[in-house]
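Observations on the model geometry
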Amino acid sequence: MKVSTGDVIYALRKGRGLTQEQLSVQMNVSTVAVSKWENEISMPDISMLCNLADYFEVTVDELLGRKTKQLEEVCGYKEEELYSYTIAEDLITLCNIAREKGLLAIEEQIEKLKSKEPFLQFACTFALNLCQTSFGTPERIRLLLLHYAASERFIKKETVRKRPDYEMIAEVIPEIFSGENVECLKELIASFLGKDLRNRLLQEGFLKGKDKMLKEEILQQIKEKDAYCEETDLFLELEKEEDVTIQLLLRQLNNTEVTSVLIGSNGAVGKRIFENLSQRLAYFIYEDMKLFQGTKEELLINERHVLEVYHALKRKNKVLLENE
């Protein structure tokens, strides 16, 4: 199935929850111009393609449907938010270690933290060292870490959403070293994440005994799964679909719809979907599958809507091909 630039712009816009009017304001063009791009009546010029690529954080090649990379934003999940969540998990791990084994045991854990966040590693070492001096009060540690968080000392272009993450670290590390109650610390950590990720972080048992699976392990689990039942195995076409088309489809779906497709479909379809997700997205969506408690009827309702979206994409591109 051929993918057009109009399809890509449409999917990116829908993925951000924007109307054509809202995108037109961001691009300083008319709503009519956005509509023409999406319906292949006209194409953005070179400078506008660059503006669109920068705005949606994709490459111009991706906008043109020529190249894809693994999705880092889909179903309401964004890579930068999931990165913050991973740091939050690390902080809770440190809380538990401090409570169960004492503060010195934190030093052994620094290199094992899942986020590999340099500022978190620095904050742990900094707090440990300062606690051995007369300056090591929790308030002073917090103040100094906030100073570092506000500086450019640790900022790197290839990392995401750094300063809010740094502020979370600077607020939580001193509380860990002061011996604050773990449940209170969980609430403090969760307050930096927003409602949805907060609920997930605090969900009973979610963090207990869980190590993040590697994407290869998830793919192995997925490809061995059976369809929920014969009635729900509706997406056999996706097994041979191009990556860019699968990504366009995923960008237009919400979390429940993607989860329903994955649960309802056979392993080959699931594998094709997961191959197009980044490591963090793959892990979170795999967890969503395990947490799903819907019925077969709910699966079918969601799947049928996804089929409508997919077939609409195919019809639109069929017309474009016939007019070439």
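Residues numbered from 1 in each chain as written. Predicted model: local features only at pLDDT ≥ 70, side-chain atom pairs only at ≥ 80, totals over all residues. Heavy atoms only, no water.

**Points about the overall build of the protein chain**
Within the protein chain one finds 18 helices and two strands. For the protein chain, with 324 residues in total, the buried portion stands at 46%. Once local pairs closer than 6 in sequence are excluded, the contacts in the protein chain between residues at least 24 apart make up 75%. A total of about 16,700 Å² of accessible surface is found on the protein chain, and carbon and sulfur atoms cover 49% of it. (Helix = DSSP H or I, 4+ residues; strand = E, 2+ residues; numbered from the N terminus. Buried < 20%, exposed > 50% of the residue type's maximum accessible area, 1.4 Å probe, protein only. Contact = heavy atoms within 4.5 Å. Areas by Shrake-Rupley, 256 points an atom, 1.4 Å probe, with all protein chains shown as cover.)

**Some thoughts on the pattern of salt bridges**
Pairs may arise between side chains of opposite charge once their charged atoms sit close together. Under the counting rule described, the total for this entry stands at nine salt bridges. Among the ionic pairs, Lys296 bridges to Glu231, the shortest N-O distance being 2.8 Å. In this pair, Lys296 is assigned in helix α18 (residues 296-323) and Glu231 in the loop between α13 (215-223) and α14 (243-251), connecting sequence segments 65 residues apart. The exposure class assigned to Lys296 is partly exposed, which follows from its relative accessible area of 25%. (Salt bridge = Lys/Arg side-chain N within 4 Å of Asp/Glu carboxyl O.)

**Regarding helix α9 (residues 138-150)**
Spacing of three or four residues puts side chains on the same side of an α-helix, whose turn is 3.6 residues. Look at α9: 18 Å from first C-alpha to last across 13 residues, which is about the 18 Å you get at 1.5 Å a residue. Of the residues making up α9, those classed as buried are Ile141, Leu145 and Ala149. Considered in projection along α9, the buried side chains sweep an arc of 75° and stay on one side of the axis. Looking at the packing, one finds that the buried side of α9 touches α8 (118-130) and α10 (162-178). (Expected span 1.5 Å × (residues − 1). Arc of directions from axis to C-beta.)

**Details of the nonpolar core**
The biggest cluster of nonpolar side chains holds 89 residues, and the ones touching the most others in it are Ile173, Ile176 and Phe274. Broken down by element, the residue count for this core peaks at 11 residues, all from helix α6 (residues 79-101). (Core = buried A, V, L, I, M, F, W, Y, C linked by side-chain atoms within 4.5 Å.)

**Concerning the side chain of Glu303**
Among the secondary structure elements, Glu303 is positioned in helix α18. For the buried Glu303, no salt bridge exists, and the shortest N-O distance to an oppositely charged side chain is 7.3 Å, to Arg304. If sequence neighbours within four positions are ignored, Glu303 has contacts with Thr232, Leu234, Phe235, Ser260, Val261, Gly264 and Ser265. (Lys, Arg positive; Asp, Glu negative; His and termini not counted.)

**Description of the confidence of the model for the protein chain**
With 86% of its residues at a pLDDT of 70 or more, the protein chain has an overall mean of 82. Across the protein chain, element-level confidence peaks in helix α16 (residues 267-274) with a mean pLDDT of 92 and bottoms out in strand β1 (residues 73-74) with 66. Here residues 204-210 is modelled with pLDDT under 50, and outside its nearest four sequence neighbours on either side it reaches 11 contacts, counting other chains as well. (pLDDT = per-residue confidence, 0-100.)

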